[in-house]
Amino acid sequence: KASDQAMAPNGDPDATEDEQPTDAVGKPTTDEQPAAAVPQVASSLPNALERLEALVSTCRHPAFFLDYDGTLAPIVSNPELAIISSECREALRALADAYPVSIVSGRSVVKLRNFL
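Just so it is clear, the model here is predicted, and its values are computed rather than measured. (Residues numbered from 1 in each chain as written. Predicted model: local features only at pLDDT ≥ 70, side-chain atom pairs only at ≥ 80, totals over all residues. Heavy atoms only, no water.)

S.K.: Help me understand the nonpolar core in this model?
M.R.: Inside soluble globular proteins, nonpolar side chains tend to come together where they are buried. In terms of nonpolar packing, the biggest core is built from 14 residues, with L66, Y68, L72, A73, A82 and I84 touching the most fellow members. When residues of this core are traced back to their parent elements, those giving at least two are β1 (64–67), α3 (86–98) and α4 (109–115). Per-element accounting of this core gives the leading share, three residues, to α3. Those residues in contact with A73, other than ones at most four positions away along the chain, are Y68, A82, I83 and I84. (Core = buried A, V, L, I, M, F, W, Y, C linked by side-chain atoms within 4.5 Å. Buried < 20%, exposed > 50% of the residue type's maximum accessible area, 1.4 Å probe, protein only. Helix = DSSP H or I, 4+ residues; strand = E, 2+ residues; numbered from the N terminus. Contact = heavy atoms within 4.5 Å.)

S.K.: Please explain α3 as it appears in this structure.
M.R.: Every α-helix winds through 3.6 residues per turn, so residues three or four apart in the chain are directed the same way. Taking 1.5 Å per residue as the helical rise, α3 with its 13 residues ought to reach 18 Å, and the 19 Å between its terminal C-alpha atoms agrees with that figure. Looking only at α3, the buried set comprises C88, R89, L92 and L95. The buried residues of α3 occupy one face: seen down the axis, they fall within an arc of 125°. What points out from α3, more than 90 degrees from its buried face, is the exposed set S86, E87, E90, R93, D97 and A98. Contacts made by the buried residues of α3 are with α2 (52–57), β1, β2 (101–104) and α4. (Expected span 1.5 Å × (residues − 1). Arc of directions from axis to C-beta.)

S.K.: Help me understand the pairing of β1, please; the structure alone is not making it clear to me.
M.R.: Along a regular strand, successive side chains alternate from one face of the sheet to the other. On β1, burial follows the alternation: F64 and L66 on one face are buried, whereas F65 and D67 on the facing-out side are not. Note on the crossover from β1 through α3 to β2: the handedness is right-handed. (Right-handed = clockwise from strand over helix to strand, strands pointing away.)

S.K.: Whenever I open this one, the pairing of β2 confuses me. Can you help?
M.R.: For β1 and β2, the ladder comprises four bridges, and the chain directions are parallel. Note that in β2 the partner of F65 across the bridge is S102. (Pairing = 2+ DSSP bridges.)

S.K.: Would you explain the side chain of R107 in this entry?
M.R.: You can see R107 is positioned in the loop between β2 and α4. For R107, a relative accessible area of 16% corresponds to the buried category. Within the structure, the side chain of R107 is placed 2.9 Å from the backbone oxygen of P79, a separation counted as a polar contact. Excluding residues that lie within four positions of it along the chain, R107 makes contacts with Y68, D69, P79, A82, L112 and F115. (Polar contact = N/O pair within 3.5 Å; in protein donor to acceptor, adjacent residues only side chain to side chain.)

None of the figures reported here should be taken as evidence of function without further support.
This is the structure we're talking about:
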């Protein structure tokens, strides 16, 4: 039965116990260290926050849908350690004071409320 199978530390049921979790580019990660995003892609994308005023001015009813893991919080091998920074929390509050904001996640609402 599937629930009797050992699960690797990274949560992958197909991985073996001794496999180390990796980030998006295959670099090993630890619970204490956030997994790095793919730097060459992230650095080539425009920063929406730097253009927020121009972007919002072209919308009738701007709204923001932000992913929790990997956007607001770093991707980490232990999901319980994916905590947003105080700077990000402040920016999120300011954004939510001005516009509708939704958090997109596979996490439960209870867990998200605890993290936010």
